[in-house]
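What follows is the residue order along each chain.
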Amino acid sequence: MAFPHRLDAPELPDFSMLKRLARDQLIYLLEQLPGRKDLFIEADLMSPLDRIANVSILKQHEVDKLYKVENKPALSSSEQLCFLVRPRIKNMRYIANLVNADKTAGRTRKYKVIFSPQKFYACEMVLEEEGIYGDVSCDEWAFSLLPLDVDLLSMELPEFFRDYFLEGDQRWINTVAQALHLLSTLYGPFPNCYGIGRCAKMSYELWKKLEDEEDSESKGRRPEIGHIFLLDRDMDFVTALCSQVVYEGLVDDTFRIKCGSVDFGPEVTSSDKSLKVLLNAEDKVFSEIRNEHFSNVFGFLSQKARNLQAQYDRRRGMDIKQMKNFVSQELKGLKQEHRLLSLRRCKLKYKSQFTVLIPALGRLRSENHSRHYLKKPKNKNKNRDISWPLSYAPALFFLPSGLIPKDYRSLKTQYLQSYGPEHLLTFSNLRRAGLLTEQAPGDTLTAMESKVSKLVTDKAAGKITDAFSSLAKRSNFRAISKKLNLIPRVDGEYDLKVPRDMAYVFSGAYVPLSCRIIEQVLERRSWQGLDEVVRLLNCIEFAFTDITKEDKASSESLRLILVVFLGGCTFSEISALRFLGREKGYRFIFLTTAITNSARLMEAMSEVKA
């Protein structure tokens, strides 16, 4: 069922060291404020902090009470307050209001602000403008790499996408460079570096500048990771906007995986309580189904349930000694596995109720069908995310010439009437990012409708949405898909149980562009032969190979590949590259600014925050 690693697959580095380093640095910073103290934590940092240092560890270092940074008066009675926050202006206003309130009341306390992952000059300026810069001490917690799994690292910076790709703010580039510098310091230099995108090029150049400035002992080390790829998210919006059908991706789309864990509500747990479950390779059942197509999971879980029941039934006929061994050694593990298995089966039943909301790849065939999704987005379900109707438009019309004027105006008018005129700015952001545009006079979709048949067979066309038909007809995606074979030709039905290529992550209809590019560069060991693809993507590409480092690298390390996604990556891309690794004998390690999907991407575009 699962994709087993090849026997000759290289071993992954031990990334638990990153957790220990982050924990030790946080403890050191807390001890800089000796004595009992209250800790105020920003909401975005609570889940990452829980993965690094739990409450008991904080208590051991004289943290008395924990508070959430929110817009209401602080009730702390401690004489020392410590704030663990992101470098945001609103957080500085919050701290300034609290300190100034104490001054007004004639109360004297000690204040310490710990910025994570770094502090910005703008934050210090706000503290100075508020008149409290001399009253607080400021430090940095350089916590920029959180191991979510054995092969997945996250910077937990979901704002990176909006800040850089929408607003052009380059402040996080230094954070990325520092993270790459830390990895090369701990795990040796990277002999082969490849990148595509402006952000990737800037991050690479700043990282190399940090390497050159520091005379590190790691420069002479034997490399543990042979290749590194840096990819900008905006070179492949299509993959990020597709609905996910691999198990882990579908869990993320439905329940929102946050910081490597997911909260299941009463509707899934069949009880009055919610349950938080950690999703990683330590969960044996999850590790076997995480990369599988959703359609294969029901059968596997049913078989697993039967196997568990057979193990339970072994207790019948046991003598007293055997029963004691069974209870002490096996029963606890069986109960835990049974509980998680039951939860996953309930979760699958719950998710199956929502498949109608998923614009799956095999759903649409013609322009008329695609126009069906442009009907008025009625707001009947107030709990539904306001970004939901807009998530169809970029997926269906990701092309420079855009929507025909009639459909564009209709979508815009109806959406604004349903959700409010404040979303005018949302539409502006979509246009700036190139996700939603209006055709110039004279351009039509119907004029190119018949050309899609030249790209794929009839049976394959049945699995492709008008999103990709439109892309193939009017934009550079058509040429890119032909050159890279992103829409594979299918003779007969695509076997999702025994996938033949990375297209299985989208039901055999589409190979993620980002993953195909990585595959092609690895085969060529350069960008040679991909000049036309790079030109069509309108991106900057670069490659660098250090022969001296490569000579020191073992054959095993040269099959370890670090892929850095700047702006977020999806679980579909992770599953696709894991599949490629199994087929080619590689092991991929993923570093992303944050996990993303179509809903998160649309939320980043929205100017109206929930």
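Residues numbered from 1 in each chain as written. Predicted model: local features only at pLDDT ≥ 70, side-chain atom pairs only at ≥ 80, totals over all residues. Heavy atoms only, no water.

Quick look at the overall build of the chain
Right, on to step 1. A tally of regular secondary structure across the chain gives 26 helices and 14 strands.
Right, on to step 2. The burial tally for the chain puts 56% of its 610 residues in the buried class.
Right, on to step 3. Sequence-distant contacts in the chain: of pairs separated by 6 or more residues, those separated by 24 or more amount to 80%.
Right, on to step 4. Of the roughly 27500 Å² of accessible surface on the chain, a fraction of 50% belongs to carbon and sulfur atoms. (Helix = DSSP H or I, 4+ residues; strand = E, 2+ residues; numbered from the N terminus. Buried < 20%, exposed > 50% of the residue type's maximum accessible area, 1.4 Å probe, protein only. Contact = heavy atoms within 4.5 Å. Areas by Shrake-Rupley, 256 points an atom, 1.4 Å probe, with all protein chains shown as cover.)

Examining the packing of aromatic side chains
Right, on to step 1. Per the counting criterion, the structure on display carries 22 aromatic pairs.
Right, on to step 2. With centroids separated by 5.2 Å and ring planes inclined at 65°, the aromatic side chains of phenylalanine 15 and tyrosine 187 adopt a geometry described as edge-to-face. Of this pair, phenylalanine 15 sits in the segment before α1 (16-31) while tyrosine 187 sits in helix α7 (residues 173-187), and the two are 172 residues apart along the sequence. Of the two residues, phenylalanine 15 and tyrosine 187, both sit in the buried class. (Phe/Tyr/Trp six-rings, centres within 6.5 Å; stacked < 30°, edge-to-face > 60°.)

Quick word on helix α22 (residues 513-524)
Right, on to step 1. In this model, α22 (twelve residues) spans 17 Å end to end at C-alpha, consistent with the 16 Å of a helix rising 1.5 Å per residue.
Right, on to step 2. Along α22, the positions that sit buried rather than exposed are Leu513, Ser514, Cys515, Arg516, Ile517, Ile518, Glu519, Gln520, Val521 and Leu522.
Right, on to step 3. In the stretch just after α22, arginine 525 is the one whose phi turns positive, near 60°. (Expected span 1.5 Å × (residues − 1).)

Focus: the pairing of strand β4 (residues 110-115)
Where a strand is regular, its side chains alternate between the two sheet faces.
Right, on to step 1. Here β4 lies mainly inside the structure; five of its six residues are buried.
Right, on to step 2. Here six bridges tie strand β3 (residues 80-85) to β4, and the two strands are oriented parallel to one another. Across the sheet, residue cysteine 82 finds its bridge partner in β4, namely lysine 112.
Right, on to step 3. Handedness of the crossover joining β4 and strand β5 (residues 136-140) through helix α5 (residues 121-129): right-handed. (Pairing = 2+ DSSP bridges. Right-handed = clockwise from strand over helix to strand, strands pointing away.)

Section: the sheet that holds β4
Right, on to step 1. Spatially, five strands are ordered β2-β1-β3-β4-β5 in an open sheet, and the strand pairing comes out parallel. Looking along the sheet, the strands with just one partner apiece sit at the ends: β2 (63-68) and β5. Sheet twist, expressed as the average angle between the axes of neighbouring strands with direction ignored, equals 20°.
Right, on to step 2. With five bridges connecting them, β4 and β5 associate as parallel partners. Looking at β5, one finds that valine 113 is bridged to cysteine 138.
Right, on to step 3. With respect to the sheet, helix α4 (residues 89-104) is in contact with β1 (37-41), β2, β3, β4 and β5, its orientation differing from that of β3 by roughly 170°. (Axes fitted to C-alpha atoms, helices over the stretch in contact; angles between N-to-C directions.)

Some thoughts on helix α10 (residues 247-255)
The periodicity of an α-helix, 3.6 residues per turn, causes residues three or four places apart in sequence to face the same way.
Right, on to step 1. Burial of α10 is extensive: seven of the nine residues sit out of reach of the surface.
Right, on to step 2. Within α10 the residues assigned to the buried category are Tyr247, Glu248, Gly249, Leu250, Val251, Asp252 and Phe255.
Right, on to step 3. Phi turns positive, to about 65°, at arginine 256, one or two residues after α10.

Observations concerning the environment of phenylalanine 427
Right, on to step 1. As for its position among the elements, phenylalanine 427 is in helix α18 (residues 424-432).
Right, on to step 2. We classify phenylalanine 427 as buried; its relative accessible area is 1%.
Right, on to step 3. Taking the C-alpha atoms as reference points, phenylalanine 427 and methionine 605, separated by 178 residues in sequence, lie 8.3 Å from one another.

Concerning the pattern of salt bridges
Right, on to step 1. This model, assessed by the stated rule, comprises 28 salt bridges.
Right, on to step 2. Close ionic contact of arginine 578 with glutamate 248 constitutes a salt bridge, the shortest N to O distance being 3.8 Å. Note that arginine 578 is positioned in helix α25 (residues 571-584) and glutamate 248 in helix α10, a separation of 330 residues in sequence. You'll find arginine 578 and glutamate 248 in the same group, each marked buried.
Right, on to step 3. Among the ionic pairs, arginine 535 bridges to glutamate 532, the shortest N-O distance being 2.4 Å. Separated by three residues within a single helix, arginine 535 and glutamate 532 lie in helix α23 (residues 531-537), roughly one turn from each other.
Right, on to step 4. With a relative accessible area of 52%, arginine 535 lands in the exposed category.
Right, on to step 5. Residue classification places glutamate 532 among the partly exposed residues on the basis of a relative accessible area of 33%. (Salt bridge = Lys/Arg side-chain N within 4 Å of Asp/Glu carboxyl O.)

Considering unusual backbone geometry
Right, on to step 1. Cis geometry is adopted by the peptide bond preceding proline 117, which originates at serine 116 and carries an omega value of 5°.
Right, on to step 2. Its location among the elements puts proline 117 in the loop between β4 and α5.
Right, on to step 3. If you check the backbone angles, asparagine 485 has positive phi at about 55° while not being a glycine.
Right, on to step 4. Tracing the backbone through its elements, the reader meets asparagine 485 in the loop between α21 (476-484) and α22.

Some details on the environment of serine 557
Right, on to step 1. Note on placement: serine 557 falls in the loop between α24 (547-552) and β13 (560-566).
Right, on to step 2. Overall, serine 557 belongs to the buried group, its relative accessible area being 4%.
Right, on to step 3. Separated by 29 residues in sequence, serine 557 and tyrosine 586 place their C-alpha atoms 9.5 Å apart.
Right, on to step 4. The residues touching serine 557, leaving out its near neighbours within four places in the chain, are Pro223, Glu224, Ile225 and Gly226.
Right, on to step 5. Among the polar contacts made by the side chain of serine 557, one reaches the main-chain carbonyl oxygen of proline 223 at a distance of 3.5 Å. (Polar contact = N/O pair within 3.5 Å; in protein donor to acceptor, adjacent residues only side chain to side chain.)

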